[in-house]
Amino acid sequence: MTTLIIGAHGHVGQHIVKQLAATGEQVYAGIRSATQADTITALGGQPRIVDLMGSAEAMVPAMAGVDTVVFSAGSGGSTGDDMTLNIDLDGAIKSMIATEKAGIKRFIIVSALGTDDRTFWDKSGIRPYYVAKYYADQWLRHQTQLDYTIVRPGILTNDAPTGKITLDPANSDLKSISREDVAAVVVAVVQHPQPKQTIEFVTGNVAITDAIH
């Protein structure tokens with residue numbers, strides 16, 4: 001199985017590359033600049049340039065030989081709302097279009113818990129981020145024929161991973177999860193497909209592989 005991680009140089013993306021490569025899977029890592037290649041190679045991935053500001057057609061060559069595309073890119077907290085729209089929304093949709101053009105069926109997107117709840121958007125303090133995530137997810141669900149999985153973690157932290165989650169975040173006192181555990185969920189979904197599913201989760205007491213199975 002061969003996977004392309006778009007946004008591989010990001011905080012979650014690097015963990016996905018490292019963990020998935022450690023399983024023996026072939027991992028292509030989509031990066032925006034050749035200057036990021038050494039980091040990716042050290043993690044066990046094979047770098048491929050993917051420009052989310054370019055066209056969908058230009059992304060297709062990077063998807064050659066790929067079975068699954070994972071979209072884990074984000075504009076980051078230091079950019080403005082314009083880049084949130086360009087990367088988290090338009091970049092995500094162009095990646096979906098390119099995936100279908102490349103003849104690939106499986107697409108996994110890292111979204112966010114609370115994306116479907118408009119009342120939460122204003123409370124979050126980062127409304128444009130959730131707007132972008134919401135419409136990217138809606139496009140994936142309703143405008144593509146992809147066998148998608150939407151992965152929606154709670155608040156991301158750099159805490160040590162626990163390896164355990166709950167798929168019932170509404171009834172959990174915890175609302176966060178480590179980035180390494182988010183990556184482990186993505187790896188579990190890559191290896192055990194959950195087509196046409198939205199998976200919402202935070203730190204819990206069930207082993208990640210068991211929860212995904």
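Residues numbered from 1 in each chain as written. Predicted model: local features only at pLDDT ≥ 70, side-chain atom pairs only at ≥ 80, totals over all residues. Heavy atoms only, no water.

This part is about the environment of Ser55. Tracing the backbone through its elements, the reader meets Ser55 in the loop between strand S3 (46-49) and helix H3 (56-59). Of note is the side chain of Ser55, whose polar atom sits 3.1 Å from the backbone nitrogen of Ala58. (Helix = DSSP H or I, 4+ residues; strand = E, 2+ residues; numbered from the N terminus. Polar contact = N/O pair within 3.5 Å; in protein donor to acceptor, adjacent residues only side chain to side chain.)

When its volume is computed, the largest pocket comes out at roughly 1,400 Å³. In this structure, the largest pocket is lined by 49 residues; those nearest its centre are Gly74, Ser75, Gly76, Asp88 and Tyr129. Across the lining of the largest pocket, the residue classes break down as 21 nonpolar, 19 polar and nine charged. (1 Å grid on protein atoms, 1.4 Å probe; cavity = no way out; pocket = protein on both sides within 12 Å on 5 of 7 lines; lining within 4 Å. Points joined across faces, edges and corners; volume = space filled by probe spheres on them. Nonpolar A, V, L, I, M, F, W, Y, C, P; charged D, E, K, R; others polar.)

By size, the foremost hydrophobic cluster in this structure holds 33 residues, and its most contacted members are Ile5, Val185 and Phe201. Taken together, the elements giving at least two residues each to this core come down to helix H1 (11-22), strand S2 (26-31), helix H2 (37-43), strand S5 (106-110), helix H7 (179-191), strand S10 (197-203) and helix H8 (208-212). Element by element, the count of residues in this core is highest for H7, at nine residues. Sequence-distant contacts of Val185, that is, excluding residues within four places in its chain, are made with Val151, Ile165, Phe201, Ile208 and Ile212. In terms of nonpolar packing, the next biggest core, distinct from the first, is built from 28 residues, Ala73, Met96, Ala136 and Leu146 among them. (Core = buried A, V, L, I, M, F, W, Y, C linked by side-chain atoms within 4.5 Å. Buried < 20%, exposed > 50% of the residue type's maximum accessible area, 1.4 Å probe, protein only. Contact = heavy atoms within 4.5 Å.)

Structurally, the position occupied by Thr99 is in helix H4 (residues 81-101). If near-sequence neighbours (up to four positions away) are discounted, Thr99 is found in contact with Met63, Val69, Ile104, Arg106, Phe107 and Leu146.

Below, the discussion takes up the pairing of S5. In terms of burial, S5 is a largely internal element, five of the five residues being buried. Taking every second residue as pointing to the same face, both faces of S5 are buried, with Arg106, Ile108 and Val110 on one and Phe107 and Ile109 on the other. Direction of pairing for strand S4 (residues 68-71) relative to S5: parallel, over a ladder of four bridges. Along S5, the bridge assignment pairs Val69 with Phe107. Between S4 and its parallel partner S5, the chain crosses via H4, and the hand of that crossover is right-handed. Sheet topology places S5 next to strand S6 (residues 147-153); five bridges connect them, and they run parallel. Its bridge partner being in S6, Ile108 is matched across the sheet by Thr149. (Pairing = 2+ DSSP bridges. Right-handed = clockwise from strand over helix to strand, strands pointing away.)

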